[in-house]
Structure formats: C-alpha cells, structure tokens
Amino acid sequence: MKTMKHILLAMALVLGMGVTAQLKVGDKAPSFNLKNIDGKKVSLDDYKDQKGVVVVFTCNHCPYAVLYEARLVELQKQFGPKKFPIIAINPNDSTIVPADGFSKMITNAAEKGFNFPYLLDDEQLFKKYGATRTPHVYLLKNEGKHFSVAYIGAIDDNPQDASDVKDAYVAQAIEAILAGNKPKVTETRAVGCTIKFK
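Residues numbered from 1 in each chain as written. Predicted model: local features only at pLDDT ≥ 70, side-chain atom pairs only at ≥ 80, totals over all residues. Heavy atoms only, no water.

Engineer: Give me the lowdown on the packing of helix H2 (residues 63-79) against helix H5 (residues 169-178), citing residues and values where you can.
Structural biologist: Contact pair H2 / H5: the axes reach a minimum separation of 11 Å and the direction vectors enclose 15°. Of the possible angle classes, the one that applies to H2 and H5 is roughly parallel. As H2 packs across H5, the resulting crossing turns out to be right-handed. Seen from H2, the contacting residues are Leu75, Gln78 and Phe79; seen from H5, they are Val170, Ala171, Ile174, Glu175 and Leu178. Within the contact of H2 with H5, the residues separate by chemical class into 6 nonpolar, 1 polar and 1 charged. (Axes fitted to C-alpha atoms, helices over the stretch in contact; angles between N-to-C directions. Helix = DSSP H or I, 4+ residues; strand = E, 2+ residues; numbered from the N terminus. Parallel < 35°, antiparallel > 145°, perpendicular 65-115°, else oblique. Left-handed = near helix turned anticlockwise from the far one by under 90°. Contact = heavy atoms within 4.5 Å. Nonpolar A, V, L, I, M, F, W, Y, C, P; charged D, E, K, R; others polar.)

Right, dumping it as structure tokens:
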C-alpha cells in the first residue's frame with residue numbers, strides 16, 4: 001500500500017509539472033528581465049517610479065491579439081502619462097508558431113505603431129503568472145516595495161467591435177486605482193488563443 005501511494009504521488013507530481021499556477025488578485029507579481037524588440041532588456045524593476053503596470057501576454061498571429069493591438073496603443077496613450085504604462089509580452093514558442101518569432105515581432109510592432117515595449121518571453125514567465133491566452137492581462141499596482149496584482153483577465157468585453165464596448169475592464173480598473181479605490185471588477189475570463197509552448 002505504501003509503495004502504491006508513493007507511485008501515485010510521483011505520477012501526480014509528474015503530471016502537474018506542466019500546469020501553470022494562476023496568480024490571484026492581491027498576489028505579489030513575479031519580476032522579469034526580458035528582451036525588448038530594440039534588443040535591450042526590460043525589467044519590472046525599471047517601473048518602480050510608476051503607479052502601476054499593465055502586463056499583457058499577447059502575440060502576432062492570434063486573431064484576438066490582432067483585434068486588440070490598436071486598443072493597446074490607445075490604452076498606452078491614455079494611461080501611460082498617468083503612470084500606468086503597457087508592457088506587452090509574447091509567450092509563444094516560434095518553433096511552433098513561426099509568425100511569432102522575434103524578427104516578426106519587430107516588424108509587427110513597427111507596422112502597428114506600438115508605443116510600448118514588446119518583450120520576448122524566453123523565460124516562460126507566463127507560467128509564473130498563470131497566463132493561458134493571448135491576450136491575457138495582469139494589471140499590477142505599485143505597492144512601494146513590490147507590485148501586486150489588481151486585475152486579471154480580458155481587456156474589455158467586446159473583442160470584435162471596439163466601438164461597442166460596454167465594459168472597458170482594464171481602463172475602469174486603472175481609473176478606480178487612480179481614484180484611490182479598489183476596482184469593482186477584479187477578474188474576468190481572458191478570451192483568445194491558447195499559448196503555444198513546449
């Protein structure tokens with residue numbers, strides 16, 4: 001019986017190795033140091049002077065990610081000056097999805113007018129955050145000594161039509177924090193393509 005317990009426990013550990021642990025609202029955000037499309041490294045520590053950061057796991061090829069590219073540019077224009085900048089991170093393995101390779105990231109960012117860093121997730125940071133989709137948002141609030149998670153999920157409630165958005169979740173959450181309040185909605189379901197990794 002004891003041997004069987006050990007075997008089952010070992011199997012559970014092996015099966016669980018690929019499972020990502022989803023961060024929860026209030027958790028300390030894992031730090032990172034990833035390569036930007038300009039070749040320079042970008043770290044969460046670089047943003048200590050900001051009130052917060054909008055971390056978005058996204059990519060080039062996913063139709064949902066593409067639908068939100070212009071909206072991310074607008075969010076940066078709106079909230080970057082208010083010290084809530086965007087950081088986009090591409091978690092996909094380019095050996096699985098060649099369209100998400102680093103050179104394609106550079107081209108895509110230039111074509112779409114990205115006004116924020118676009119980082120390559122060669123550390124599989126998405127696993128530490130628990131991101132499963134592109135796009136998948138983690139709104140981080142600066143607590144002084146670290147960043148905490150204030151909101152997780154979708155950018156808004158309408159991927160297909162930006163002009164028909166009823167709830168702009170990320171924008172509303174940032175506005176609440178800027179006003180000294182807790183966001184009314186702290187978690188929604190991220191809608192998009194699954195992250196491709198080995």
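Engineer: Any details on the sheet that holds strand S4 (residues 86-90)? Residues and values, ideally.
Structural biologist: Strands belonging to one sheet form pairs held by backbone hydrogen bonds; the direction of such a pair is parallel or antiparallel. Spatial strand order, S2-S1-S5-S4-S3-S7-S8: 7 strands in an open sheet with mixed pairing. Pairing within the sheet leaves two strands with one partner each, and these edge strands are strand S2 (41-43) and strand S8 (147-153). Strand-to-strand twist across the sheet, computed as the mean angle between neighbouring axes with direction ignored, equals 35°. Relative to S2, strand S1 (residues 33-36) runs antiparallel, the two sharing 3 bridges. Bridge pairing links Leu34 to Val42 in S2. Here helix H3 (residues 102-112) sits on the sheet in contact with S1, S4 and strand S5 (118-120), set at roughly 175° to S5. The strands that H5 touches are strand S3 (52-57), strand S7 (136-142) and S8; relative to S7, the one it contacts most, it runs at about 5°. (Pairing = 2+ DSSP bridges.)

Engineer: Go over the nonpolar core, please, and point to the residues and values.
Structural biologist: Formed by 28 residues in total, the largest nonpolar core has its most connected members in Val54, Leu75, Leu139 and Tyr151. At 6 residues, the largest contribution of residues to this core is made by H5. Sequence-distant contacts of Leu75, that is, excluding residues within four places in its chain, are made with Gly80, Ile86, Ile155, Val170 and Ala171. With 23 residues, the next largest nonpolar core counts Leu34, Leu44, Tyr129 and Ile152 among its residues. (Core = buried A, V, L, I, M, F, W, Y, C linked by side-chain atoms within 4.5 Å. Buried < 20%, exposed > 50% of the residue type's maximum accessible area, 1.4 Å probe, protein only.)

Engineer: Explain the side chain of Asn60 residue by residue, including any values.
Structural biologist: If you trace the backbone, Asn60 turns up in the loop between S3 and H2. Take Asn60: its relative accessible area is 10%, and that puts it in the buried class. Looking at Asn60, its side chain comes within polar contact range of the side chain of Tyr118, at 2.9 Å. Not counting the four nearest positions on each side in its chain, Asn60 is found in contact with Val66, Ala99, Asp100, Gly101, Lys104, Met105, Asn108 and Tyr118. (Polar contact = N/O pair within 3.5 Å; in protein donor to acceptor, adjacent residues only side chain to side chain.)

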